[in-house]
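Listed below, chain by chain, are the residues.
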Amino acid sequence: MKIPVCSLNETRYAETFEVFVERSLEYPLIIQELVSVIHDYLQSGFRMLDIGAGTGHLIKALNDESSIRIGSYTAFEPNPSHIESLKKTLVDLNFENYDVYTEPFSPDTSLATRFDFVLFSHSLYWMPEPARSMLHAAKLIDSGGIAMAFIQGPYGVHAMFHLFESWFERSTPMLQNNAISSHELIQGLRELGADPEMRILATPIDLTGLFDPEAKLVLSELLSFCLQLEFNLLPAQQRADIIQYVEGGCVEKEGKLLWYLPNAAVYLKL
């Protein structure tokens, strides 16, 4: 018999996402890859389309680390819990030429503007047709530009999601579909006639101390994000099985307990 669950709503998604971000060690590697691509392909004054811009955490880090400056910035961010933070970040960065759209991006989205660089940073999970959405965005790029997506590889959370999702009967749809990984994206793009390239990044999250009894609530929030449900409402046996799975996948390195969730950087150049 399946376990009835509700998927996370937008508020709970944002709250559990913050816990995940606090523990993630992926951002230095993501920023390094992002800066490298921008320096290889773009010049100062480039036009950027950021699909799923979140709170602006990544664009701030990019602005801090890259000597190549953004000329114009267009963002899509449909989560109301992120919009205010994103707009504040853009003001703090003294961006003058920017637009923020609060509706979801889709293969039917129409924009008159052309771009040099398109970024999807862990946002394709939100889209019913990830490959079509990325290909559509790539077609908004002028010659010499590039579209880039950061997305989980077929490991870690992706593998865990497929392992345990069959236990649940969801009464509400997921906002973020963790069944999508770089594997499904690459296959989908190839079926559409595109020729994507990919790099795997060895990105861990730090779970040091999270299996201690006093960290029970933090671990519950992190696993709620990974499974897109309220972990603490699951039956005790299922919670124990999931925790055992995650802890078993961790490795100790330099005094830290790390769970490796390799991300992929997927590129399209049309």
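Note that the structure is a prediction, hence the values are computed from the model and not measured. (Residues numbered from 1 in each chain as written. Predicted model: local features only at pLDDT ≥ 70, side-chain atom pairs only at ≥ 80, totals over all residues. Heavy atoms only, no water.)

The helix and strand tally for the chain stands at nine helices and twelve strands. Relative to a compact globule of 270 residues, whose C-alpha radius of gyration would be 18 Å, the chain shows 19 Å and is just as compact. With the C-alpha coordinates of the chain rotated into their principal frame, the extents come out at 55 × 40 × 35 Å. When each of the 270 residues of the chain is scored for burial, the buried share is 54%. A separation threshold of at least 6 residues defines the contact pool for the chain, and within that pool the share at least 24 residues apart is 81%. Side chains of the chain carry 19 positive and 35 negative charges; the gap between the two charge centres is 2 Å. (Helix = DSSP H or I, 4+ residues; strand = E, 2+ residues; numbered from the N terminus. Rg over C-alpha atoms; globule rule 2.2 N^0.38 Å. Buried < 20%, exposed > 50% of the residue type's maximum accessible area, 1.4 Å probe, protein only. Contact = heavy atoms within 4.5 Å. Lys, Arg positive; Asp, Glu negative; His and termini not counted. Charge placed at Lys NZ, Arg CZ, Asp CG, Glu CD.)

Below, the discussion takes up the environment of Leu185. Tracing the sequence through the fold places Leu185 in helix H7 (residues 182-191). Judged by its relative accessible area of 1%, Leu185 is buried. A sequence separation of 51 residues divides Leu185 from Met134, and the C-alpha atoms of the two residues are 9.0 Å apart. Setting aside its immediate chain neighbours within four residues, Leu185 contacts Leu124, Pro130, Ala131, Met134, Ala149, Ile151 and Val266.

Looking now at the sheet that holds strand E5 (residues 115-121). The strand order E4-E3-E2-E5-E6-E12-E8 describes an open sheet built from seven strands, whose pairing is mixed. Pairing within the sheet leaves two strands with one partner each, and these edge strands are strand E4 (98-101) and strand E8 (197-201). Pairs of neighbouring strands in the sheet enclose a mean axial angle of 15°, with direction left out of account. Where strand E6 (residues 141-152) meets strand E12 (residues 263-268), six bridges bridge the pair, whose relative direction is antiparallel. Bridge pairing in E12 links Gln152 to Asn263. Those strands touched by helix H4 (residues 80-92) are strand E3 (70-76) and E4, and its axis lies near 175° from that of E4. (Pairing = 2+ DSSP bridges. Axes fitted to C-alpha atoms, helices over the stretch in contact; angles between N-to-C directions.)

Our next topic: the pairing of E3. Taken across its seven residues, E3 has six buried, putting it largely inside the fold. Sheet topology note: the strand E2 (residues 46-51)/E3 ladder contains six bridges and is parallel. Bridging across to E3, Leu49 finds its partner in Thr74. Handedness of the E2-helix H3 (residues 57-65)-E3 crossover: right-handed. Pairing between E3 and E4: four bridges, direction parallel. Following the sheet pairing, Phe76 is matched in E4 by Tyr101. Viewed along the sheet, the connection from E3 through H4 into E4 turns out right-handed. (Right-handed = clockwise from strand over helix to strand, strands pointing away.)

Let's shift gears to unusual backbone geometry. Excluding glycine, a negative phi dihedral is what most residues carry, and trans is how most peptide bonds are arranged. Phi is positive for Asn94, which is not a glycine, with a value near 60°. Mapped onto the elements of the fold, Asn94 is located in the loop between H4 and E4. Its identity as a non-glycine residue notwithstanding, His122 has a phi of 55°, on the positive side. Since its relative accessible area comes to 16%, His122 is described here as buried.

For E2, the tally of buried residues reaches five of six residues, placing the bulk of the element in the interior. Strand direction decides the pairing type here: E2 and E5, joined by four bridges, are parallel. Within E5, the residue paired with Ile51 across the bridge is Phe120.

With that out of the way, let us pick up H3. What H3 keeps buried is the set Leu58, Ile59, Ala61, Leu62 and Asn63. Residues of H3 that are buried in the fold lie against helix H2 (27-41), E2, E3, H4 and E5.

Let's shift gears to the packing of aromatic side chains. Considering all chains together, one arrives at 13 aromatic pairs under this definition. When the centroid spacing of 4.8 Å and the interplanar angle of 85° are considered together, the rings of Tyr13 and Trp126 count as edge-to-face. Taken together, the positions of Tyr13 in helix H1 (residues 10-23) and Trp126 in the loop between E5 and helix H5 (130-138) put the pair 113 residues apart, joining distant regions of the chain. Judged by relative accessible area, Tyr13 falls into the buried class, the value being 5%. Consider the rings of Phe164 and Tyr245, whose centres lie 5.6 Å apart with planes at 90°: the pair is edge-to-face. In this pair, Phe164 is assigned in helix H6 (residues 156-164) and Tyr245 in helix H9 (residues 236-248), connecting sequence segments 81 residues apart. Among the aromatic residues, ring-to-ring pairing joins Tyr13, Phe17, Phe20, Trp126 and Phe225 into one connected group. (Phe/Tyr/Trp six-rings, centres within 6.5 Å; stacked < 30°, edge-to-face > 60°.)

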